[in-house]
Each structure stands twice: as C-alpha cells, then as structure tokens.
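Fold and contact review
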Amino acid sequence: MNILVTGAAGFIGHAVTRVLLARGDSVTGIDNLNDYYPVQLKRDRLADLDRPTNAPFTFHHLDFADDKALDAALAGQKFDTIVHLGAQAGVRYSLENPRAYVKANLVGHLNMLEVARASHTPMVYASSSSVYGGNTAMPFGVDDRVDHPRSLYAATKRADELMSETYAHLYRTPFTGLRFFTVYGPWGRPDMAPWLFTKAILAGDPIKVFNHGKMQRDFTYIDDIVEGVVRLLDKPAQPDPGWSSATPDPATSFAPYRIFNIGNNTPVELMRYIHALETELGKTAKMEML
C-alpha cells in the first residue's frame, strides 16, 4: 500500500514506519521536528528509516497544522490509508504551553480529517488513555464515559475522537481511534518515566514521585502498539449494524468509526516499578515524594 504517516520522526511513528517499510509498503512521512524534546533524537530516527528497504520512504519536514503547506506537499498524491500519529505530546507541558496543544492536536487533527475526507481515505489516529480522566473504575473500557478530562492534552484527544466521529458520519470516511497506554521501548521518548527515572538513578539525583507513589501505570511495549496499528490499517472501520441511538455504544457508531484501547491490561504500581529499576540498575533511588 501507499501510506501517509504523520509524526514519522516520533517514537511510535518511527516504529510503525519501520514495520510498514519492511513489509513492502511505500510510506510518505510528515513531521515538524519540534523541540519539545531533543530534535537530534528525531533526526536519528529519520536516519534509521533512510536505509535500503523493499519500499520507498519520502519525508516532508512540515507542520500539518499549516493547511497550506500540507496541501502543497501532498498535492497530486493518492494514499491507500493514513496513520495520523503526530501530536503535541505530554500532560504537564500543557500547563506551560496550552496553545501548542490547540494548534497541533485540534487544528492539526482537523487538517488531517480534511485530507482523509477529500480523497475518502481511511485513517487510523492516535488518541490516549488520558481521555479516561477522572474515571476510577478499572479496567478502563471503550464503552466507559470519558466526560471528565484532567488535562488539556486529554481534552484535545477527546475532541479529536468527537471530530473524527462527526466526519465519519458526514462523509462516510472510516476513522479508527487508538487509545494508547504509556508506551515504552527502544527509541522511546526521553520525557517518559522509564528514561527520566533511569537517568536520575544512575546520576544519583532524586526522582520526583507524585501522589506519594500511590498510582498505577499500564505500560505497553512499542512492538505491541505497532502490531495493533498495522492490524487496523488492513481493516478500516465499518458501521456497527447493532448500534442503537437509544443505548449508544461510545466505541462504535452507525458511521464507519471505531475506538480501541491498545494496552496490556496489567497496571503496575509506581513504587513496584521503581524498585524493579533499582534491582536492574543495582542502585538505590533517591525519591522526592510530592
């Protein structure tokens, strides 16, 4: 297939693109290489993709929130499917720079919906487990209500889901949203707990432990995330024939729209995770309880 991937220089985008190229798909990648974390890591991921494969990889350095630049770069191209993984990531950073989230996650997502609509191309896009917000019932299910986000990041991701269902209804274009749960693995983001904690332990610096460690995370290995994305690329969303407006299922629709959780359903207590790192590294962590 000929596939468009946004966020191709990002953690998940890079991993998905590698697998698509390896299986023989042609990939056009988009990324603005922003400096939310070190740009060199993103350039290194791109260099990793620039190797002989069974299919070509074309990269566009642009911001998909810029509709004119996006349209110009993609003019005349036809894609079999779109993998929209680009976004402004991070929860706490939204307190410092909220406009970055509105630009990338709302305006940018709308632009990608328009790209999909114009050519009636199915799209799989990244949502987040953060949309569950204030929910306390475990495990999270796609049929749960997600009306109480606790960060602007989560609110933008929920808005992406709602906009996608609207476009699926209006234009009958298939949209599939994937709620990722704390992804880790090779080429991972340096702002995530595994790397932040490991770096601090090795340097003898204190780890900031929020809520006194009384929290859990469902860590998901990158290969499992990629497998979920690729499987769904080959099965675009279909209308749910059993969907009822009287008892609506939030995960499906009478339009070609679906939501899936992509996680391992095995939450790990934070303190247990930290102790496991201590054992692996052979060092004791200094902890600053917050």
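Residues numbered from 1 in each chain as written. Predicted model: local features only at pLDDT ≥ 70, side-chain atom pairs only at ≥ 80, totals over all residues. Heavy atoms only, no water.

**Notes on the overall build of the protein chain**
Scanning the protein chain for helices and strands turns up 9 helices and 13 strands. Relative to its length of 290 residues, the protein chain is compact, with a C-alpha radius of gyration of 19 Å against a globular reference of 19 Å. Across its three principal axes, the protein chain shows a C-alpha extent of roughly 55 × 50 × 35 Å. The averaged location of the 32 negative side-chain charges in the protein chain is 3 Å from the averaged location of its 29 positive side-chain charges. (Helix = DSSP H or I, 4+ residues; strand = E, 2+ residues; numbered from the N terminus. Rg over C-alpha atoms; globule rule 2.2 N^0.38 Å. Lys, Arg positive; Asp, Glu negative; His and termini not counted. Charge placed at Lys NZ, Arg CZ, Asp CG, Glu CD.)

**Things to note about the side chain of Gln-88**
Of note, Gln-88 is situated in the loop between β4 (81–84) and α4 (93–96). We classify Gln-88 as buried; its relative accessible area is 6%. Not counting residues up to four positions away in its chain, the partners in contact with Gln-88 are Asn-34, Tyr-36, Tyr-93, Ala-100, Tyr-101, Ala-104, Asn-105 and Tyr-153. (Buried < 20%, exposed > 50% of the residue type's maximum accessible area, 1.4 Å probe, protein only. Contact = heavy atoms within 4.5 Å.)

**Here we look at the sheet that holds strand β2 (residues 26–31)**
Strand pairing in a sheet takes place through backbone hydrogen bonds and is either antiparallel or parallel in direction. The strand order across the open sheet formed by 7 strands is β3-β2-β1-β4-β5-β6-β11, and the pairing between neighbours is parallel. Two strands in the sheet have a free side with no partner beyond their single neighbour: β3 (57–61) and β11 (257–262). Taking the axes of each pair of neighbouring strands and ignoring which way they run, one obtains an average angle of 20° across the sheet. As paired elements, strand β5 (residues 123–128) and strand β6 (residues 175–180) share 6 bridges and run parallel to each other. Across the sheet, the residue bridging to Tyr-125 is Gly-177, located in β6. (Pairing = 2+ DSSP bridges. Axes fitted to C-alpha atoms, helices over the stretch in contact; angles between N-to-C directions.)

**With respect to helix α9 (residues 270–281)**
End to end, α9 covers 17 Å across 12 residues, agreeing with the expected 16 Å (1.5 Å per residue, within 8%). Against α7 (193–203), β8 (206–209), β12 (268–269) and β13 (286–289) lie the buried residues of α9. Of the residues flanking the end of α9, it is Gly-282, one or two places downstream, whose phi is positive at about 70°. (Expected span 1.5 Å × (residues − 1).)

**Focus: the pattern of salt bridges**
Considering all chains together, one arrives at 10 salt bridges under this definition. As a salt-bridge pair, Lys-103 and Asp-63 come within 3.3 Å of each other at their nearest N and O atoms. Residue Lys-103 is located in helix α5 (residues 98–119), and its partner Asp-63 is located in the loop between β3 and α3 (67–74); the two are separated by 40 residues in the primary sequence. A salt bridge links Glu-161 to Arg-158, with the shortest nitrogen-to-oxygen separation between them at 2.7 Å. In this pair, Glu-161 and Arg-158 are both assigned in helix α6 (residues 152–171), 3 residues apart and thus about one turn of the helix distant. On the basis of relative accessibility, which here comes to 0%, the residue Glu-161 falls in the buried class. For Arg-158, a relative accessible area of 18% corresponds to the buried category. Each member of the salt-bridge network shares a partner with another, and the members are Arg-23, Asp-25 and Asp-234. (Salt bridge = Lys/Arg side-chain N within 4 Å of Asp/Glu carboxyl O.)

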